[in-house]
Amino acid sequence: MRKATVKRTTKETDVAVTVDLDGRGVAAMATGIGFLDHMLDLLSRHSRIDITAKATGDLHIDQHHTTEDVGIALGQAVKQALGDMKGIDISGRPFLVFKAAFAHDKIGTFDTDLVREWFQAFAMNAGVTLHVETLYGANDHHISESCFKGLARALRAAVAIDPRGKDEVPSTKGSLGG
């Protein structure tokens, strides 16, 4: 079973995330940030990964710590659920290229610069190499959705076990992540 639960508690946040990589895309989000919940719901549905995320944080300051820590915890949960990484297409080497321009500072109450912050936290902790690029768009909400949906579709393919290589680590080195 490729499932994992990660709990992350700091002075700023308390986050619990559960994933099932072989799920149906069932989502249950309660981060206290409506727009982030919406993006995570979209991620779950389009990746077919079941995701539960609950968070409390210092939202009286801003949404940065909660957004980042949810990205960290979700990344760690995905990495744990991947186990030995046999039969999948993930490098284990974290990296992010993020090229998406937002016209405004906010989407509702959500700071648009937190979209990149979330992707950075997720990529570094999941051990994935991500290239996120929005070629065009005028609506910041839709641009953000395209970033999360693109990740979802890429994860859906990358975590699927290739039956022809289910017992092999897909690397000429014989190992991933180092």
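What counts and what doesn't
- Residue positions are given per chain, counting from 1 as you read along its sequence in written order.
- Owing to the predicted nature of the model, reporting of local features is limited to residues with pLDDT of at least 70; listing and counting of side-chain atom pairs is limited to 80 or more, with chain, interface and lining totals taken over all residues.
- Side-chain numbers come from the whole structure's heavy atoms, not from hydrogens or water.
- The helix and strand labels rest on DSSP assignments: H or I over at least four residues marks a helix, E over at least two residues marks a strand, and numbering proceeds from the N terminus.
- Each helix should span, by expectation, one fewer than its residue count multiplied by 1.5 Å.
- Here, residues are in contact when the closest pair of their heavy atoms is within 4.5 Å.
- Here a Phe, Tyr or Trp ring, Trp counted by its six-membered ring, pairs with any other such ring whose centre lies within 6.5 Å, and the pair is stacked when the planes are under 30 degrees apart, edge-to-face when over 60, and tilted otherwise.
- Lines are fitted to the C-alpha atoms to define the axes, a helix being fitted only along its stretch in contact, and any angle between axes, read from their N-to-C directions, falls within 0 to 180 degrees.
- Here a crossing is taken to be left-handed if its near helix is turned anticlockwise relative to the far helix by less than a right angle, and right-handed if that turn runs clockwise.
- Polar here means any residue other than Ala, Val, Leu, Ile, Met, Phe, Trp, Tyr, Cys and Pro, which are nonpolar, and Asp, Glu, Lys and Arg, which are charged; Gly is therefore polar.

**Focus: helix H3 (residues 113–126)**
Three or four residues apart is the spacing at which side chains of an α-helix point the same way, because the helix has 3.6 residues per turn. With 14 residues, H3 extends 20 Å between its outermost C-alpha atoms, agreeing within 8% with the 20 Å of an ideal straight helix rising 1.5 Å per residue. Where H3 is buried, its residues touch helix H1 (34–47), helix H2 (64–82), strand S5 (95–99), strand S7 (110–111), strand S8 (129–133) and helix H4 (140–158). Gly-127, located one to two residues past H3, shows a positive phi value of around 75°.

**Remarks on the packing of aromatic side chains**
Across all of its chains, the model carries 6 aromatic pairs by this definition. Between Phe-35 and Phe-110 the ring centres are 5.2 Å apart and the planes differ by 40°, which places this aromatic pair in the tilted class. Placement of Phe-35 in helix H1 and of Phe-110 in strand S7 is noted, with a sequence separation of 75 residues between them. With a centroid separation of 4.9 Å and 40° between ring planes, the pair formed by Trp-118 and Phe-148 is classed as tilted.

**Examining the packing of H1 against H4**
Angle between the axes and distance between the axes are the two parameters that describe a pair of packed helices. Two numbers describe how H1 lies on H4: the axes approach to 8 Å, and their chain directions differ by 35°. Note on packing geometry: the crossing formed by H1 with H4 is right-handed. Touching Phe-35, His-38, Met-39, Leu-42, Leu-43, His-46 and Ser-47 of H1 are His-141, Ser-144, Glu-145, Phe-148, Lys-149, Leu-151, Ala-152, Arg-153, Leu-155 and Arg-156, all from H4. Split by residue class, the contact of H1 with H4 holds 8 nonpolar, 5 polar and 4 charged.

**Observations concerning unusual backbone geometry**
Positive phi, close to 65°, is recorded for Arg-48, a residue that is not glycine. For Arg-48, the location among the structural elements is in the loop between H1 and strand S4 (50–57). One non-glycine residue, Met-85, adopts positive backbone phi at about 65°. Looking at the secondary structure, you find Met-85 in the loop between H2 and S5.

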